[in-house]
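Analysis of the macromolecular model
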Amino acid sequence: MLVVNKIRAEKEAIIEGLKIKNFNNIDILDEIIVLDDKRKEFQKKLDDVLSESKSIAKEIGMLFKTGKVEEANQKKIRTTELKELSKSFGEVLANTAKELTDKLLQVPNVPHPSVPAGNSDEDNEVLKNVGEIPELAADALPHWELTDKYDIIDFKLGNKITGAGFPLYKGKGARLQRALINFFLDEAEKAGFREVQPPLMVNEESGYGTGQLPDKEGQMYHVGEDNLYLIPTAEVPITNIYRNEIVKSADFPIRNTAYSQCFRREAGSYGADVRGLNRLHQFDKVEIVVIEHPEKSYERLEEMSTYVQGLLVKLELPYRLLRLCGGDLSFTAALTYDMEVYSAAQKRWLEVSSVSNFVDYQANRLKLRYKDENGKTQLAHTLNGSALALPRIVAALLENNQTPEGIKIPKALIPYTGFEIIN
RNA sequence: GGAGAGGUGGGAGAGUGGCUUAAUCCACCAGUUUGCUAAACUGACGUACGGGCAACUGUACCGGGGGUUCGAAUCCCCCCCUCUCCGCCA
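Just so you know, these numbers come straight off a predicted model, no measurement behind them.

Right, let's talk about the overall build of chain A for a bit. Helix and strand counts for chain A stand at 13 helices and 19 strands. The C-alpha extent of chain A, read off along each of the three principal axes, is 100 × 45 × 40 Å. Considering chain A as a whole, with its 423 residues, one finds that 47% of them fall into the buried category. The long-range share in chain A, meaning contacts at least 24 apart out of those at least 6 apart in sequence, stands at 73%. With an accessible surface of roughly 20,700 Å², chain A has 50% of that area assigned to carbon and sulfur atoms. Of note, chain A has its 55 positive side-chain charges centred 4 Å away from the centre of its 64 negative side-chain charges.

This brings us to the sheet that holds strand β4 (residues 194-195). With mixed pairing, the eight strands of this open sheet are ordered in space as β1-β11-β12-β13-β16-β10-β9-β4. Bordering the open sheet on either side are β1 (125-130) and β4, each of which pairs with just one other strand. Two elements, strand β10 (residues 282-292) and strand β16 (residues 381-389), share seven bridges in a ladder whose sense is antiparallel. The partner of Ile288 across the bridge, within β16, is Gly385. Sitting on the sheet, helix α12 (residues 390-400) touches β10, β12 (335-343), β13 (348-357) and β16, and the angle it makes with β12 is about 30°.

Here we take up the protein's contact with RNA strand B. Lining the immediate environment of RNA strand B, one finds 20 residues, of which Arg39, Asp47, Lys54, Ala57 and Lys371 sit closest. Counting only the atoms of RNA strand B that lie within 4 Å of the protein, the sugar and phosphate share comes to 75%. Between RNA strand B and Gln43, the relevant distance is 3.0 Å, taken from a sugar or linking oxygen to a side-chain nitrogen or oxygen of the residue. Here Ala57 contributes a backbone N or O atom positioned 2.5 Å from a base nitrogen of RNA strand B. Those elements that provide at least two residues to the surface near RNA strand B are α3 (27-65), α4 (69-106) and β14 (369-371). Among the elements that take part in the surface near RNA strand B, α3 stands out by supplying 13 residues, more than any other.

Where helix α7 (residues 172-190) meets helix α10 (residues 297-314), the axes come as close as 11 Å, and the angle between the chain directions of the two elements is 135°. It follows that α7 is oblique to α10 by the angle criterion. Seen along the crossing, α7 lies across α10 with a hand that is right-handed. On α10, the residues that touch Phe183, Phe184, Glu187 and Ala188 of α7 are Tyr307, Leu311 and Lys314.

Within helix α2 (residues 11-20), burial applies to Ile14, Ile15, Gly17 and Leu18. Each buried residue of α2 sits inside an arc of 165° when the element is viewed along its axis, so together they form one side. Relative to its buried face, α2 has exposed residues pointing more than 90 degrees away, namely Glu12 and Ala13. For α2, the elements touching its buried residues are α1 (4-9) and α3. Residue Asn22 follows α2 closely and has a positive phi angle near 60°.

Attention now moves to the domain arrangement of chain A. Split by domain assignment, chain A resolves into domain 1 (4-106) and domain 2 (121-422). The straight-line distance from the C-alpha centre of domain 1 to that of domain 2 is 43 Å. Listed by partner, the interface residues are seven residues for domain 1 and 10 residues for domain 2. Each partner contributes to the roughly 580 Å² buried at the junction of domain 1 and domain 2, and carbon and sulfur atoms together form 47% of this total. When the buried area of domain 1 at its contact with domain 2 is split by residue, Lys6, Lys21 and Leu105 rank highest and sum to 73% of it. On the surface where domain 1 and domain 2 come into contact, there are one salt bridge. Here Asp360 makes a salt bridge to Lys6, at a shortest N to O gap of 2.8 Å. Of all the elements, α4 adds the most residues to the side of domain 1 that touches domain 2, at three residues. Of the residues in the side of domain 1 that touches domain 2, the class split is three nonpolar, two polar and two charged.

Bringing the nonpolar core into the picture now. The biggest cluster of nonpolar side chains holds 58 residues, and the ones touching the most others in it are Leu180, Phe184, Leu312, Val341, Ile393 and Ile422. Contributions of two or more residues to this core are made by α7, β10, α10, β11 (319-323), β12, β13, β16 and α12.

Below, the discussion takes up the packing of aromatic side chains. Throughout the structure, instances matching the rule amount to eight aromatic pairs. On the numbers, 6.0 Å between centres and 40° between planes, the contact of Phe193 with Tyr307 is tilted. Here Phe193 is found in the loop between α7 and β4, whereas its partner Tyr307 is found in helix α10, with 114 residues between them in sequence. For the pair Phe193 and Tyr307, one class covers both residues: buried. Where Phe252 meets Tyr370, the ring centres are 5.3 Å apart and the plane angle is 75°; that geometry is what we call edge-to-face.

Thresholds applied
- Residues numbered from 1 in each chain as written.
- Chains lettered and ligands numbered in written order.
- Predicted model: local features only at pLDDT ≥ 70, side-chain atom pairs only at ≥ 80, totals over all residues.
- Heavy atoms only, no water.
- Helix = DSSP H or I, 4+ residues; strand = E, 2+ residues; numbered from the N terminus.
- Buried < 20%, exposed > 50% of the residue type's maximum accessible area, 1.4 Å probe, protein only.
- Contact = heavy atoms within 4.5 Å.
- Areas by Shrake-Rupley, 256 points an atom, 1.4 Å probe, with all protein chains shown as cover.
- Lys, Arg positive; Asp, Glu negative; His and termini not counted.
- Charge placed at Lys NZ, Arg CZ, Asp CG, Glu CD.
- Pairing = 2+ DSSP bridges.
- Axes fitted to C-alpha atoms, helices over the stretch in contact; angles between N-to-C directions.
- Near = heavy atom within 4 Å.
- Polar contact = N/O pair within 3.5 Å; in protein donor to acceptor, adjacent residues only side chain to side chain.
- Parallel < 35°, antiparallel > 145°, perpendicular 65-115°, else oblique.
- Left-handed = near helix turned anticlockwise from the far one by under 90°.
- Arc of directions from axis to C-beta.
- Domains from an automatic or database assignment.
- Buried area = accessible area lost by both parts, 1.4 Å probe.
- Salt bridge = Lys/Arg side-chain N within 4 Å of Asp/Glu carboxyl O.
- Nonpolar A, V, L, I, M, F, W, Y, C, P; charged D, E, K, R; others polar.
- Core = buried A, V, L, I, M, F, W, Y, C linked by side-chain atoms within 4.5 Å.
- Phe/Tyr/Trp six-rings, centres within 6.5 Å; stacked < 30°, edge-to-face > 60°.

The structure is reproduced here in structure tokens:
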């Protein structure tokens, strides 16, 4: 969430930024400032009352000790009054603070100046096109037919065991998954990321920390018995490592990577979007997360974008790089680059990575801070990205590399798969 | 899951109702001394939200949440976690 003092200091700039994000409930900013004033007012009132009761309590203690019981009992009268006051001030304070947080949670992050205006994915800015789009034969198959043909991914069996969106990978299909995971992790490690293996379920606090809760609750699978959530991305557990922490600025940038399976309910999705591997309830992903000094975060974002693009080049997949427009940018992001690979048989672009800078928006919620040169605590910046999400990479690999002899594995992956062709 | 013992600052650890402003030790940081290092000594050393131009200062926080009391780290209730033993188990 936004920092209230920033709303006070940079209100006009924030309003301009929010317009780019198509957020027009500008009045809420003034309501936030009014609530914050009220919060401070009652904080002061409460503190004063508590201060008085504390000193009276001490006096009473002394009086009892010196045997002046009558005088002590006299003093107690005032403390009952103070008790009532502190109760009512405390209630107002708690309610005001809650109202303030509720409002703050309704305001999205302010986009970076480079973010173009726009309403949907059609307005995203195409920054680059890299690689040749392959010309496939007329009888080229979409990946959901190739997986059947070569018996490598079984959607029907997954359906039998669990349900739609939970495919079963078999033989070379399973091996290809494992190869991609290892390839991505090895590359990330070479690029300076520390590998972690996080829990796949998180508690409520973690869900709030990274912003899945409260509004995106329906996106996650919930284990009611234990009140835990299956992670929709490794971003959740990795970022929550640093919840309520003050990190050393000498440690910046803090780079972590993790492979995890991701679980998403994807309620409301339908049609060609969800066919085959395009959208699953359970999928594999290697995630990269960076904690960085505010002055360096955009530099780091470029580095992460370059890194992810490098993976796509090594996999010999044609891709394009997008800068998301205000309307397509997620609630919490200030700037996001999407990488889309071209899936030649479906003849469409598939998003395989999203690399974002959240600046201090997520950190404010997480209470993730560092000490600056003057020893003052400041909010850190957080960034993350997929590097990469497997299913759509697999879809593109299968479709783009199909030949009459079989599906060719890109060179960089062969040491990991142990085979050169799926046939 | 059952029984018992615990949870105090970055770490160790004292503290069973008011002399606690959480002792003490270690670590970290700054300084003094010293060829260097080390040692010794001195000082500073939490987080959050307020007040004040500032020096300063108020309040809260001893696993979390409630309660008793004029007053709670300390007493009571609920929950979480850790350890030991038992049960179960890859």
